[in-house]
There are 2 protein chains.
Amino acid sequence: MARSDTRYREAYNRILAYCETLPLDAQIPSETQLGDIAGVSRTVIRRCLSRLAELGVIVWNGRDKRLLRMPRPEDRIAVPEAGSHSADLEQRFLDWVLRFDVPANTALSVAELSRTFDVPQHELKEFLAGLSRFGLVQRRPEGGWRLLGFTKGFAIELSDFRTILELHAVSQVAEAPVDHPVWAQLAKIRDDHVQLRAHMDSDFHEFSKLDERFHQAVNSVVRNRFTVEFQKVISLIFHYHYMWDKTEEKDRNAAAIEEHLAIIDALEARDAAAARNAAQRHLRTSKTTLLSSLRQHDLG
Amino acid sequence: MARSDTRYREAYNRILAYCETLPLDAQIPSETQLGDIAGVSRTVIRRCLSRLAELGVIVWNGRDKRLLRMPRPEDRIAVPEAGSHSADLEQRFLDWVLRFDVPANTALSVAELSRTFDVPQHELKEFLAGLSRFGLVQRRPEGGWRLLGFTKGFAIELSDFRTILELHAVSQVAEAPVDHPVWAQLAKIRDDHVQLRAHMDSDFHEFSKLDERFHQAVNSVVRNRFTVEFQKVISLIFHYHYMWDKTEEKDRNAAAIEEHLAIIDALEARDAAAARNAAQRHLRTSKTTLLSSLRQHDLG
DNA sequence: TCAATGTATTTAATAATTAAATGCTACATG
DNA sequence: CATGTAGCATTTAATTATTAAATACATTGA
C-alpha cells in the first residue's frame, strides 16, 4: 500500500553481517556510524536495531548497545527479489519497437508496457518522459503516450543529426595525437575490413558487427555527455535496420567496406578535409539505405 | 482523492453551448457525435447528458434525446481554474537555477519545487526525468534528484555541443536559396548591429537581445527535431550568463558585434568556409566568456 | 444491416499511505 | 562546556489505491 521497505531489509542484513565481525559483548557503534556503514539514514538504522534487540542479538538501552550473542543464519531477513530489470529498459524498449516494427503513431499504454517489460508504471512514465525529449514519443491529449518514431521525416532528421555528430567526430579523430588509442583501434579495424573483403561471398553477414565497431571507434574520441546519449539511440536504430533490410545486402556491405577504408585512409594521412568528404559520402549512403528500408516496411 | 473531473466539466459546458445553437425540441445528435464535438469519450458524454437531463435542459430516453428548454447561464458548471502553469515550467526552472545561482550537486526536492512552481508533483517528476536526458539532473540513490549542471565540465561540453550545432547551421545558411527568409532577417540584423555600434556607449545593454536574434535566425534554417530541443536549453543558459557577467560588458559586446558582422559578411558572400571560420572564432569567444562567468560565481 | 446505445473492462491521473530522510532539541560524557 | 549521540518531530518521496475517463464488447432498434 506504500513504498517498499527493501531499503530497511537490505540494511538490516548488512548490519547483521557487520555484527558477525564483532566479538561477543562488544559495544556497537553509534547510529550515525552504522548509517554510514549501511548507507542509509538513522531512521532505518533504528528500525534495524529494534529488530536486533527483539531477536535478542543485541541489548539496546540508549547509548548502551552491546552484542548479546553471535548472529545466526535464521536471524537474517528476507529481501524481496530485486526482480525488475529497470536497468536495460531503454535497450529492451527500442529493441521491442524495432523488432516488432511498431508503426508510427501507435498509442503506448503504460499499463501494458509495464507488464511486458516487468517494470513499475511510474518508472515507465519517467522513461517515456525522457524519450519525449528526443522526440521519440509524445503525450496524447486524451492521456497516455504516442510513439512518434520511424516515419520518413524522423529517419531523415535522425540521419542528418547523426551526420552532424559524426562529421565532427571524424574531424576530432584527424586531430588526435599519435599516441591516442583510436589509432590502434582503427588499424585493427582496417585489417578486419580487408580480411572480410577477401571472404565477402561467404561472410558478408559479419559486416554488421564491423560497422558498429568502426563507428563506435570514431565516436569514442568525442567526450561529450550530450552526444553520448544520442549515439546510443542512433546506433541501435541504424544497427537494426541494416540487419533487416536484406535487399542487396552483399553489394551494400561491399560498398560500405570501401567507404570505411576510404575514411580510414584519409584519417591516417591526417587529411581532415578528405576524411570529412569520405565520411559524408558514407553517411549519405547510410541515409539512403535507412530510408529505403522504411519504404519496404510501408512506414513512409 | 483521485484524478480531477476537469475533462467532464469542460465537456459539459461545451455541450451546453452547443445546445444553445439548437432550436427548442430539436433532436440531439448521437453520443458518438457529441463526443467528437467536445473531444472526449462517450463515457464523459453520458455523464454530461445525465446532468443535462437532471437539470431539465433535455429529456433523455435511450436514443430519444430532445432539447426541453433553452440553457440558462446558471446551468453552466464551474471549471476549477487551469491554474498550473505547466507550460513554461522549463523556462521558469532554468530561470530559477540561473538567477539564484543554484550550485552544482544541490539536492532538488520534488515537494519543494512543486510548491515554488505551483505544478503537481508528478509533472515535476516527468520534467526532471526529461532533464536527466540532457545530463542536467540525476537521480540520487537515497531518492529524489540532484542538480548536476553548471560545473566547468558541463560548460565546456555544452559550449562544444553548441559549436557543433551552430557551425552546421552556418553551413546550411550559406547554402540557403536567395529567396529564403533568413537573408531578409540577416539584412535587418546587420543594420541593427551597425546602428547599435554607433551608439555603443549608451546602448550597449541592448546587445543581449540582438545576440539572441542573430543566433535564432541562423539556427532557424536547420529544421531538425533533435536540435530544436537543445537550442532552447542552450540559448537560455548562454543568454542569462551573459546578462549577469558585467565585467567589461561594453568591450565584450563591441567585440561580439564585429564578430557577428564578420559572419554575416561571409554568409552574404556565400563563402561557407569563411563563415565557418568566423563563426568558430565567435563561438570560441563565447565559450571563454561562459567559463570566466562561472569562475566568477565560484562554481568551477 | 448498421449505427446507436447499454454494459463491462481497462487505463491513467492523482491523492493517500507508509518508508525513509532530514532537522531540531536535549542529553550524556569526556 | 564542547561535542557527539540519542530522542523526537517534521518533511519528503516511493508506491499503492481510488476514481475519471477511455476503450472494447454486447445488445438493441430503426
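Scroll up a little and you will see the structure.
Heads up: these notes are all about the structure in this document. (Residues numbered from 1 in each chain as written. Chains lettered and ligands numbered in written order. Predicted model: local features only at pLDDT ≥ 70, side-chain atom pairs only at ≥ 80, totals over all residues. Heavy atoms only, no water.)

1. What about the packing of helix 8 (residues 181–198) of chain A against helix 10 (residues 207–220) of chain A?
Residue and element names in this part refer to chain A.
At step 1: Between helix 8 and helix 10, the least distance of the axes is 10 Å, while the angle of their chain directions is 160 degrees. Relative to helix 10, the element helix 8 is oriented roughly antiparallel. Judged by the sense of rotation from one axis to the other, the crossing of helix 8 with helix 10 is left-handed. In this structure, helix 8 uses Val182, Gln185, Leu186, Lys188, Ile189, Asp192, His193 and Leu196 to contact helix 10, whose residues at the interface are Phe207, Leu210, Arg213, Phe214, Ala217 and Ser220.
At step 2: In terms of residue class, the contact of helix 8 with helix 10 is built from eight nonpolar, three polar and three charged. (Axes fitted to C-alpha atoms, helices over the stretch in contact; angles between N-to-C directions. Helix = DSSP H or I, 4+ residues; strand = E, 2+ residues; numbered from the N terminus. Parallel < 35°, antiparallel > 145°, perpendicular 65-115°, else oblique. Left-handed = near helix turned anticlockwise from the far one by under 90°. Contact = heavy atoms within 4.5 Å. Nonpolar A, V, L, I, M, F, W, Y, C, P; charged D, E, K, R; others polar.)

2. Examining the protein's contact with DNA strand C
At step 1: Around DNA strand C, 39 residues are found, and the nearest of them are Arg7, Ser41 and Thr43 of chain A together with Arg46 and Lys65 of chain B.
At step 2: A share of 69% is what sugar and phosphate atoms reach among the atoms of DNA strand C within 4 Å of the protein.
At step 3: A distance of 2.5 Å is found between a base nitrogen of DNA strand C and a side-chain nitrogen or oxygen belonging to Thr43 of chain A.
At step 4: The side chain of Arg46 of chain B places a nitrogen or oxygen atom 2.3 Å from a phosphate oxygen of DNA strand C.
At step 5: Contributing elements (two or more residues each) for the surface near DNA strand C: helix 1 (6–20), helix 3 (42–54) and helix 5 (110–117) of chain A together with helix 3 (42–54) of chain B.
At step 6: The element contributing the most residues to the surface near DNA strand C is helix 3 of chain A, with four residues.
At step 7: Tallied by class, residues from the surface near DNA strand C come to 11 nonpolar, 11 polar and 17 charged. (Near = heavy atom within 4 Å. Polar contact = N/O pair within 3.5 Å; in protein donor to acceptor, adjacent residues only side chain to side chain.)

3. As for the relation of the copies chain A and chain B
At step 1: When chain A is fitted to chain B, the best match, at an RMSD of 0.4 Å, comes from turning it 180 degrees and sliding it 0.0 Å along the axis. Such a combination of turn and shift is consistent with a two-fold rotation axis. Relative to the rotation axis, the C-alpha of Gly130 of chain A is the closest in chain A, positioned 2.0 Å from it. (Least-squares fit on C-alpha atoms with pLDDT ≥ 70 in both.)

4. Quick look at the protein's contact with DNA strand D
At step 1: Taken together, the neighbourhood of DNA strand D is formed by 39 residues, with Arg46, Arg63 and Lys65 of chain A together with Ser41 and Thr43 of chain B sitting nearest.
At step 2: Backbone atoms, meaning sugar and phosphate, form 71% of the atoms of DNA strand D found within 4 Å of the protein.
At step 3: At 3.1 Å, a backbone N or O of Ser4 of chain B approaches a sugar or linking oxygen of DNA strand D.
At step 4: Ser41 of chain B is positioned such that a nitrogen or oxygen atom in its side chain is 2.4 Å from a phosphate oxygen of DNA strand D.
At step 5: Residue assignment for the surface near DNA strand D shows that the elements contributing at least two residues are helix 3 of chain A together with helix 1 (6–20), helix 3 and helix 5 (110–117) of chain B.
At step 6: Examining the composition of the surface near DNA strand D, we find that four residues originate from one element, helix 3 of chain B, more than from any other.
At step 7: Classifying every residue of the surface near DNA strand D by side-chain character gives 11 nonpolar, 11 polar and 17 charged.

5. Overview of unusual backbone geometry
At step 1: Residues other than glycine seldom take positive phi values, yet Arg270 of chain A does so here, at roughly 55 degrees.
At step 2: Turning to its location among the elements, Arg270 of chain A is positioned in the loop between helix 12 (249–268) and helix 13 (272–296).
At step 3: Phi at Asp101 of chain B is positive, roughly 50 degrees, even though this residue is not glycine.
At step 4: Counting through the fold element by element, Asp101 of chain B comes out in the loop between helix 4 (89–99) and strand 3 (107–108).

6. What about the interface of chain A and chain B?
At step 1: Taken together, the 34 residues of chain A in the interface contact 33 residues of chain B.
At step 2: For the pair chain A and chain B, the summed buried area comes to about 3,000 Å², and 56% of that belongs to carbon and sulfur atoms.
At step 3: A per-residue breakdown of the area chain A buries against chain B is headed by Arg133, Arg225 and Phe226 of chain A, which together make up 29% of the total.
At step 4: There are seven salt bridges connecting chain A and chain B.
At step 5: Residue Glu157 of chain A is joined to Arg225 of chain B by a salt bridge in which the shortest nitrogen-to-oxygen separation is 2.9 Å.
At step 6: The tally of links from chain A across to chain B stands at eight residue pairs in polar contact (both at pLDDT 80 or more). (Buried area = accessible area lost by both parts, 1.4 Å probe. Salt bridge = Lys/Arg side-chain N within 4 Å of Asp/Glu carboxyl O.)

7. Examining the pairing of strand 1 (residues 58–61) of chain A
Residue and element names in this part refer to chain A.
At step 1: With four bridges connecting them, strand 1 and strand 2 (residues 64–67) associate as antiparallel partners. Bridge pairing in strand 2 links Trp60 to Lys65.
At step 2: Here strand 1 folds back onto strand 2, and the loop between the two strands holds two residues, one of which, Gly62, carries a positive phi near 60 degrees. (Pairing = 2+ DSSP bridges.)

8. Points about the sheet that holds strand 3 (residues 107–108) of chain A
Residues and elements named next belong to chain A.
At step 1: Spatial strand order, 3-5-4: three strands in an open sheet with antiparallel pairing. Single-partner strands in this sheet number two, and they are strand 3 and strand 4 (137–139).
At step 2: Where strand 3 and strand 5 (residues 145–147) come together, two bridges link them in antiparallel fashion. Its bridge partner being in strand 5, Ala107 is matched across the sheet by Arg146.

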